[in-house]
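Here are the chains, one letter per residue:
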Amino acid sequence: QVRLVESGGGLVQPGGSLRLSCAASGSIFRLYAMGWYRQTPGKQRELVATISNGGSTNYADSVKGRFTISRDNAKNTVYLQMNSLKPEDTDVYYCNIVIGATTYWGQGTQVTVSS
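Residues numbered from 1 in each chain as written. Predicted model: local features only at pLDDT ≥ 70, side-chain atom pairs only at ≥ 80, totals over all residues. Heavy atoms only, no water.

A. Spotlight on the overall build of the chain. On a plain count of helices and strands, the chain comes out with 0 helices and 11 strands. The order of helices and strands in the chain, counted from the N terminus, is β-β-β-β-β-β-β-β-β-β-β. With respect to the principal axes defined by its C-alpha atoms, the chain has extents near 40 × 30 × 20 Å. Relative to its 115 residues, the chain shows a buried fraction of 40%. Taking contacts inside the chain between residues at least 6 apart in sequence as the whole, the part at least 24 apart equals 53%. The chain carries 11 positive and 7 negative side-chain charges, and their two centres are separated by 6 Å. (Helix = DSSP H or I, 4+ residues; strand = E, 2+ residues; numbered from the N terminus. Buried < 20%, exposed > 50% of the residue type's maximum accessible area, 1.4 Å probe, protein only. Contact = heavy atoms within 4.5 Å. Lys, Arg positive; Asp, Glu negative; His and termini not counted. Charge placed at Lys NZ, Arg CZ, Asp CG, Glu CD.)

B. Quick peek at the state of the cysteines. Applying the stated criterion to the full structure yields 1 disulfide. A sulfur-sulfur distance of 1.9 Å marks the disulfide that ties C22 to C95. In this structure, the disulfide formed by C22 and C95 twists by about 50 degrees around the S-S bond and is classed as right-handed. Taken together, the positions of C22 in strand β3 (residues 18–24) and C95 in strand β9 (residues 91–99) put the pair 73 residues apart, joining distant regions of the chain. With respect to class, C22 is no different from C95; both count as buried. (Disulfide = S-S within 2.5 Å.)

C. View of the side chain of D89. With respect to the element layout, D89 can be found in the loop between β8 (77–82) and β9. Here K86 takes part through its backbone nitrogen, which lies 2.8 Å from a polar atom of the side chain of D89. Not counting residues up to four positions away in its chain, the partners in contact with D89 are R38, R66, F67, S84, V111 and V113. (Polar contact = N/O pair within 3.5 Å; in protein donor to acceptor, adjacent residues only side chain to side chain.)

Okay, here's the thing in structure tokens:
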């Protein structure tokens, strides 16, 4: 069983920064791509960024140049560094991992950007 636990969310002013972390259980973490998604209640969950097992990254256009995804395989952890935050970045952020036909999600962490 794979378990993902996100942390690092909170309230930040526009222009501020936050770093989200997603800790994964199990030693297979390093073999798979990981992703960060976000969702507003009532709307579809949207991709924020992904990172392959080799470290290749992909970003949504809305966050390019502001967010950075990274991973530390020794710690079974993936990070999302978020800079120059905007009010429209307010959402619940989720990390995921796809293993075969199964997608695993964390419980989410709330990010609120407001003055």
